[in-house]
Amino acid sequence: MIIDALKKLLDRDDIGTIVTTMGTTAVGSVDPLPVILQLQAEYGFRIHADVAYGGYFILADNLEVETQEALECLLEVDSIAIVPHKHGLQPYGCGCILS
Ligand SMILES: *Cc1c(COP(=O)(O)O)cnc(C)c1O
């Protein structure tokens, strides 16, 4: 997520929910959740975190510091989506939203 672009949108529009992706499927990019949480305090939007793919990496001990810090903020968001048939090793298709 490009934070400067997000700030412009927040200044211009009344945005109710920001969806962060905490690990894209293609390249593993993780949005800067600590910064987005600071913006939430200022603008008052809800945060949904898509951790469908990347959320499991919170268990890893070899992440870059920024990635680790972003994943450690997950308890502060309003809802998350997780998909156990990915790194949760479930053998059948399943997913859930937790709020
Ligand atoms: C897999 C995935 C989802 C959920 O997609 P499904 O169609 O339910 O499998 C959502 N976000 C990300 C980043 C994913 O990798």
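Below or above, wherever it landed, is the structure these notes cover. (Residues numbered from 1 in each chain as written. Predicted model: local features only at pLDDT ≥ 70, side-chain atom pairs only at ≥ 80, totals over all residues. Heavy atoms only, no water.)

### Description of the site of the ligand
Around the ligand, the neighbouring residues are Gly23, Thr25, Asp50, Ala52, Tyr53, Val83, His85 and Lys86. In this structure, Thr25 approaches the ligand through a side-chain N or O atom, which is 2.3 Å from an oxygen atom. In this structure, Lys86 approaches the ligand through a side-chain N or O atom, which is 2.6 Å from an oxygen atom. Here the ligand loses 55% of its free accessible area of 380 Å² to cover by the protein chains. Class assignment of the residues belonging to the shell around the ligand gives a composition of three nonpolar, three polar and two charged. (Near = heavy atom within 4 Å. Polar contact = N/O pair within 3.5 Å; in protein donor to acceptor, adjacent residues only side chain to side chain. Areas by Shrake-Rupley, 256 points an atom, 1.4 Å probe, with all protein chains shown as cover. Nonpolar A, V, L, I, M, F, W, Y, C, P; charged D, E, K, R; others polar.)

### Here we look at the pairing of strand E1 (residues 17-21)
Consecutive residues of a regular strand have side chains that alternate between opposite faces of the sheet. What you see with E1 is a clean split: Ile18 and Thr20 sit on the buried side and Thr17, Val19 and Thr21 on the side with no burial. Bridge count between E1 and strand E2 (residues 46-50): five bridges; the pairing is parallel. When the sheet's bridge partners are listed, Val19 is paired in E2 with His48. Note on the crossover from E1 through helix H2 (residues 33-43) to E2: the handedness is right-handed. (Buried < 20%, exposed > 50% of the residue type's maximum accessible area, 1.4 Å probe, protein only. Helix = DSSP H or I, 4+ residues; strand = E, 2+ residues; numbered from the N terminus. Pairing = 2+ DSSP bridges. Right-handed = clockwise from strand over helix to strand, strands pointing away.)

### Focus: the environment of Ala41
Looking at where Ala41 falls in the secondary structure, it is placed in helix H2. Here Ala41 falls in the exposed class, since its relative accessible area comes to 71%. In this structure, the C-alpha to C-alpha distance between Ala41 and Tyr92, residues 51 residues apart in sequence, is 39 Å.

### Section: the nonpolar core
Leu6, Met22, Leu33, Ile36, Phe45, Ile47 and Leu74 are the most contacted members of the largest nonpolar core, which totals 20 residues. Looking at this core, the elements with two or more residues in it are helix H1 (3-12), H2, E2 and helix H3 (65-72). Broken down by element, this core gets its largest block of residues, four residues, from H2. Not counting chain neighbours up to four residues away, the residues in contact with Leu33 comprise Thr20, Met22, Ile47, Ala70, Cys73, Leu74 and Val77. (Core = buried A, V, L, I, M, F, W, Y, C linked by side-chain atoms within 4.5 Å. Contact = heavy atoms within 4.5 Å.)

### Points about the pairing of strand E3 (residues 79-82)
Pairing geometry for E2 and E3, over three bridges, is parallel. The residue of E3 that forms the bridge with Asp50 is Ala81. After leaving E2, the chain enters H3 and then returns to the sheet as E3, a path that is right-handed. Judged from the three bridges that link them, E3 and strand E4 (residues 96-98) form a sheet pairing that is antiparallel. Paired with Ile80 across the bridge in E4 is Leu98.

### A word on the sheet that holds E4
Read from one edge to the other, the open sheet built from four strands follows the order E1-E2-E3-E4, with strand pairing classed as mixed. In this open sheet, the two edge strands, each paired with only one partner strand, are E1 and E4. Within the sheet, the average angular offset between the axes of one strand and its neighbour, ignoring direction, is 20°. Contacting E1 and E2, H2 runs over the sheet at an angle of about 160° to E2. (Axes fitted to C-alpha atoms, helices over the stretch in contact; angles between N-to-C directions.)

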